[in-house]
Amino acid sequence: GESVGLHLPTLSVQEGDNSIINCAYSNSASDYFIWYKQESGKGPQFIIDIRSNMDKRQGQRVTVLLNKTVKHLSLQIAATQPGDSAVYFCAEREYGNKLVFGAGTILRVKS
Amino acid sequence: GAGVSQSPSNKVTEKGKDVELRCDPISGHTALYWYRQSLGQGLEFLIYFQGNSAPDKSGLPSDRFSAERTGGSVSTLTIQRTQQEDSAVYLCASSFPRTGIFAATEAFFGQGTRLTVV
């Protein structure tokens, strides 16, 4: 399996600013993608998903962008709040229904 | 219950002992996943069950690891002769089956079992 050691990339943002978290996925045949948020001591929680036949999907304060040409996903969080501080993972659905996760990004919100 | 339930929440075991971790998926979810998460790291895929199909075991790190799913519901992950490097949080997730291309099948996670091998 994949692991990235103890140095997950960290994004620090000021409260109220917008955050952009990026993810590169590996399989060009993946047809479905999910962003998860994981707070300390908890399991990952679903934030938003997107199908590969879409380029953009919006939720409440969050937007996911998909660029299939370069196999890149991004999660945009508007008006970031302290409660958004967590580790964020992207996941891609490969052949069948197998979900494979990216390395994760730590989001720290400064008040 | 309404969510994925894992037990125990914490397990401390001596090196060389066997452990069993349990996962109760959401009712109706035929897909079940096991992941391992070491401190400060991402989610490492271990095994995936989908209905009555043969499980995808491609992520199991060694033959000391095995998992079964009885009756298409509860799953047990067994680690034999535990080693200190097995210490991690073991996460289980479940989802509805994929019904077609682009079908949304978000996986819902349990709180995990924190395994410590001493």
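Here the structure is a predicted model, which means the values were calculated and not measured.

A. Region of the structure containing the interface of chain A and chain B. Contacts between the two partners involve 30 residues from chain A, matched on the other side by 31 residues from chain B. For the pair chain A and chain B, the two sides together bury roughly 2300 Å², of which 51% comes from carbon and sulfur. A salt bridge links Asp56 of chain B to Lys98 of chain A, with the nearest nitrogen and oxygen atoms 3.7 Å apart. Inspection of the chain A/chain B interface yields six residue pairs in polar contact (both at pLDDT 80 or more). Residue assignment for the side of chain A that touches chain B shows that the elements contributing at least two residues are β3 (32-38), β4 (45-51), β8 (86-93) and β9 (99-101) of chain A. Ranked by the residues each element gives to the side of chain A that touches chain B, the list is headed by β3 of chain A, at four residues. By residue class, the composition of the side of chain A that touches chain B is 12 nonpolar, 10 polar and eight charged.

B. Spotlight on the state of the cysteines. Scanning the model with the defined rule gives two disulfides over all chains in all. A sulfur-sulfur separation of 1.6 Å characterises the disulfide bridge that pairs Cys23 of chain A with Cys90 of chain A. Of this pair, Cys23 of chain A sits in strand β2 (residues 19-24) while Cys90 of chain A sits in strand β8, and the two are 67 residues apart along the sequence. Taken as a pair, Cys23 of chain A and Cys90 of chain A share a single burial class, namely buried. Put simply, Cys23 of chain B and Cys92 of chain B are joined by a disulfide, and their sulfur atoms are 1.9 Å apart. Because the torsion about its S-S bond is -65°, the bridge between Cys23 of chain B and Cys92 of chain B counts as left-handed. Taken as a pair, Cys23 of chain B in strand β3 (residues 19-24) and Cys92 of chain B in strand β8 (residues 88-95) lie far apart in primary sequence, 69 residues in all.

C. Region of the structure containing the sheet that holds strand β6 (residues 65-69) of chain B. Residue and element names in this part refer to chain B. One open sheet accounts for four strands, arranged β1-β3-β7-β6; its pairing is antiparallel. The sheet is open, and its two edges are formed by β1 (5-7) and β6, each paired on a single side. Mean inter-strand twist for the sheet, computed between neighbouring axes without regard to direction, equals 15°. Note: β6 against strand β7 (residues 75-79), five bridges, orientation antiparallel. Across the sheet, residue Ser66 finds its bridge partner in β7, namely Thr78.

D. Representation of the pattern of salt bridges within the structure. All names here are of chain A. This structure, assessed with the given rule, holds 10 salt bridges over all chains. Linking Asp31 and Arg93 is a salt bridge whose minimum nitrogen-to-oxygen distance equals 3.1 Å. Separated by 62 residues along the polypeptide, Asp31 in the loop between β2 and β3 and Arg93 in strand β8 bring together distant segments of the chain. Across the pair, exposure class does not vary: Asp31 and Arg93 are buried alike. In this structure, Lys68 and Asp55 form a salt bridge, with 3.5 Å as the shortest nitrogen-oxygen distance. A residue pair is termed long-range when its members are at least 10 positions apart, and Lys68 in the loop between β6 (62-67) and β7 (72-77) and Asp55 in the loop between β4 and β5 (56-58) qualify at 13 residues. When its relative accessible area of 38% is taken as the criterion, Lys68 is described as partly exposed. The class of Asp55 is exposed, set by a relative accessible area of 52%. Sharing partners across several salt bridges, the network here consists of Lys37, Glu39 and Lys42.

E. Spatial organisation of the sheet that holds β2 of chain A. All names here are of chain A. Read across the sheet, four strands follow the order β2-β7-β6-β5 without closing on themselves; strand pairing throughout is antiparallel. Two strands bound the open sheet, and with one partner strand each, they are β2 and β5. Averaged over neighbouring strand pairs, the angle between their axes works out to 15° when direction is ignored.

F. Summary view of the packing of aromatic side chains. Residue and element names in this part refer to chain A. A complete count under the given rule lists 10 aromatic pairs over all chains for this structure. Where Phe89 meets Phe101, the ring centres are 6.4 Å apart and the plane angle is 80°; that geometry is what we call edge-to-face. Of this pair, Phe89 sits in strand β8 while Phe101 sits in strand β9, and the two are 12 residues apart along the sequence. On the accessibility criterion, Phe89 (0% relative accessible area) is buried.

About the thresholds
Residues numbered from 1 in each chain as written. Chains lettered and ligands numbered in written order. Predicted model: local features only at pLDDT ≥ 70, side-chain atom pairs only at ≥ 80, totals over all residues. Heavy atoms only, no water. Contact = heavy atoms within 4.5 Å. Buried area = accessible area lost by both parts, 1.4 Å probe. Salt bridge = Lys/Arg side-chain N within 4 Å of Asp/Glu carboxyl O. Polar contact = N/O pair within 3.5 Å; in protein donor to acceptor, adjacent residues only side chain to side chain. Helix = DSSP H or I, 4+ residues; strand = E, 2+ residues; numbered from the N terminus. Nonpolar A, V, L, I, M, F, W, Y, C, P; charged D, E, K, R; others polar. Disulfide = S-S within 2.5 Å. Buried < 20%, exposed > 50% of the residue type's maximum accessible area, 1.4 Å probe, protein only. Pairing = 2+ DSSP bridges. Axes fitted to C-alpha atoms, helices over the stretch in contact; angles between N-to-C directions. Phe/Tyr/Trp six-rings, centres within 6.5 Å; stacked < 30°, edge-to-face > 60°.

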